[in-house]
Amino acid sequence: MSSGFDSNPFADPGVTPFADPSITQVTRSTNAQNNLEDYNPFADGEAAKPAAPSEPTPPPPAPSRPAIMQPTWDQPPAYTPSGAQKVDTTDLERRQQELEQKEAEIQRREEELRRQQASGGRVLNNWPPLPKKCCVQPCFYQDISVDIPTEFQRLVKTFYYLWMFYVGTLFLNVLGSMAYMFTSGSASTFGLSILFFCLFTPCSFVCWFRPVYKAFRSDSSVNFFFFFFIFFFQFIVSIVQALGFDNFGTCGWINSLSHFKLNIPASILMLIISFMFSLQASATMILLIKVHRLYRGTGASWQRAQQEFVSGVMTNPGVRSGMTSAAQGAFAGSTSGGSRY
């Protein structure tokens, strides 16, 4: 009895009381109930699911900063003006030229007035330019830059150069005719060449250069018609001179080519003169057509020339004094004749 109380009930007798199947069953049921109370379907579902493979965590976003434009060194595209930006400068250039021409015209008139005032109101002749000690004085006044309008100065200078070229050709014609005479040629050709040089040099200046000069200076229809008639005659004469008929006074194509069998150097000189006469005839025809077109473009006509001629004659002091004297003589004769009866 005492042995039974002396034994430790909690001592391991080798068999644990919890090993009893009934106790183990109750303990399991209690734990299952506790687990049911703490059951989380979402947590269990997530726990039951197999772990997904880990993905790399994205880096945290960088702190926001204001956008900064980086400078570029690219060349800008070529500037191409649009149609609305393009300005037509043709009208401006035309007006500028008109203003310049008017300014030149005003300066020309001022210079002419100053020249007349310096000479006491009369114009001094300056052509041909001869020394003051010479016995012969200038016969004409000529100043293209002063007398001729700006738009026609180049054309009038061309006529003056043509006249100088014609005089030079006549002088060479004298030399060529002399060579032609000394190489078994015609002596009459040489004599007539001297006559033509002495005759055509002043006549060409007075008969067709001075009329065209005065025509452009004062816009005179009478001078224009006189120039057309004389200059056309000059064209015909230049053609005849270029042909070179024997015993006619010029070295032309005909006598130059026929003289090759006698003397080649003289023939070459004559051919050069023939070419110069031909060139002069061509330039004469071109300038004649050009001046005629300019004259017709102004609306001028033969009736205008007639009116201008009549008005010019009537305003001429010499003509008016002659008509007055004639009228007075006729009146005196009529009155004296009537007193007899």
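Residues numbered from 1 in each chain as written. Predicted model: local features only at pLDDT ≥ 70, side-chain atom pairs only at ≥ 80, totals over all residues. Heavy atoms only, no water.

Trainee: Please explain the packing of helix α6 (residues 153-182) against helix α10 (residues 264-297) as it appears in this structure.
Mentor: Two quantities define a packed helix pair, namely the angle between the helix axes and the distance between the axes. As a packed pair, α6 and α10 sit with axes 9 Å apart at the nearest point and diverge in direction by 155°. By the angle class used here, α6 and α10 are roughly antiparallel. α6 and α10 meet at a crossing whose hand is left-handed. When the residues that make up the contact of α6 with α10 are grouped by side-chain class, the tally is 21 nonpolar, 6 polar and 1 charged. (Axes fitted to C-alpha atoms, helices over the stretch in contact; angles between N-to-C directions. Helix = DSSP H or I, 4+ residues; strand = E, 2+ residues; numbered from the N terminus. Parallel < 35°, antiparallel > 145°, perpendicular 65-115°, else oblique. Left-handed = near helix turned anticlockwise from the far one by under 90°. Nonpolar A, V, L, I, M, F, W, Y, C, P; charged D, E, K, R; others polar.)

Trainee: Whenever I open this one, the packing of aromatic side chains confuses me. Can you help?
Mentor: The description of two aromatic rings rests on the distance between their centres and on the angle between their planes. For the coordinates displayed, the defined rule picks out 25 aromatic pairs. For the pair phenylalanine 232 and phenylalanine 235, a centre-to-centre distance of 6.4 Å together with 40° between the ring planes defines the contact as tilted. You can see phenylalanine 232 and its partner phenylalanine 235 sitting in helix α8 (residues 221-243), 3 residues apart, about one turn around the helix. For phenylalanine 232, a relative accessible area of 43% gives the class partly exposed. Through a chain of ring-to-ring contacts, the aromatic side chains of Phe152, Phe159, Trp208, Phe216, Phe224, Phe225, Phe227, Phe228, Phe231 and Tyr295 assemble into a single cluster. (Phe/Tyr/Trp six-rings, centres within 6.5 Å; stacked < 30°, edge-to-face > 60°. Buried < 20%, exposed > 50% of the residue type's maximum accessible area, 1.4 Å probe, protein only.)

Trainee: Please clarify how the packing of α6 against helix α7 (residues 187-218) should be interpreted in this entry.
Mentor: Where α6 contacts α7, the axes come no closer than 8 Å and their chain directions differ by 175°. Between α6 and α7, the interaxial angle falls into the category roughly antiparallel. Of the residues that constitute the contact of α6 with α7, the class distribution is 26 nonpolar, 6 polar and no charged.

Trainee: I keep staring at a nonpolar patch on the surface and nothing clicks. Help me out?
Mentor: A contiguous nonpolar surface patch, about 570 Å² in accessible area, is contributed by Phe232, Ile236, Ile239, Leu243, Phe245, Phe248 and Ile254. The biggest single contributor to the nonpolar patch is α8, with 4 residues. By secondary structure assignment, the location of isoleucine 239 is in helix α8. (Patch = residues over 30% accessible without salt bridge, like charges linked within 9 Å, V, L, I, M, F, W, Y side chains within 5 Å. Areas by Shrake-Rupley, 256 points an atom, 1.4 Å probe, with all protein chains shown as cover. Salt bridge = Lys/Arg side-chain N within 4 Å of Asp/Glu carboxyl O.)

Trainee: Before we go on, may I ask you to explain α6 in this structure?
Mentor: Each α-helix winds once per 3.6 residues, and so residues spaced three or four apart point in a common direction. An ideal rise of 1.5 Å per residue puts 44 Å on 30 residues; α6 measures up with 44 Å between its terminal C-alpha atoms. Once α6 ends, the next one or two residues include serine 184, with phi positive near 65°. (Expected span 1.5 Å × (residues − 1).)

Trainee: So what exactly am I meant to see when it comes to the confidence of the model for the chain here?
Mentor: Note: predicted coordinates in regions of low pLDDT should not be interpreted at a detailed level. Here the chain averages 76 in pLDDT, and 59% of its residues register 70 or above. Within the model, pLDDT remains below 50 along residues 44-48, and this stretch shows 2 contacts once partners closer than five positions in the same chain are excluded. (pLDDT = per-residue confidence, 0-100. Contact = heavy atoms within 4.5 Å.)

Trainee: What's the story with the pattern of salt bridges in this structure? I'm lost.
Mentor: A side chain of one charge can pair with a side chain of the opposite charge if their charged atoms are brought near each other. Taken as a whole, this structure holds 3 salt bridges when the rule is applied. Among the salt bridges present, the one from arginine 94 reaches aspartate 91, with a minimum N-O distance of 2.5 Å. Note that arginine 94 and aspartate 91 are positioned in helix α4 (residues 90-118) at a spacing of 3 residues, about one turn of the helix. Classification of arginine 94 as partly exposed rests on a relative accessible area of 41%. A salt bridge links aspartate 91 to arginine 95, with the shortest nitrogen-to-oxygen separation between them at 3.3 Å. In this pair, aspartate 91 and arginine 95 both sit in helix α4, 4 residues apart, roughly one turn of the helix. One network of salt bridges, with partners in common, ties together Asp91, Arg94, Arg95 and Glu98.

Trainee: Explain the nonpolar core here, please?
Mentor: A general tendency of soluble globular proteins is for nonpolar side chains to be buried together. Phe159, Trp208, Phe209, Phe216, Phe227, Phe231 and Val291 are the most contacted members of the largest nonpolar core, which has 26 residues in total. Only α6, α7, α8 and α10 provide two or more residues apiece to this core. Residues within four places of tryptophan 208 in sequence aside, it is in contact with Phe159, Leu162, Trp163, Cys203, Phe227, Ile230, Phe231 and Gln234. Residues Tyr180, Phe196, Val237 and Ala242 belong to the second largest nonpolar core, which totals 11 residues. (Core = buried A, V, L, I, M, F, W, Y, C linked by side-chain atoms within 4.5 Å.)

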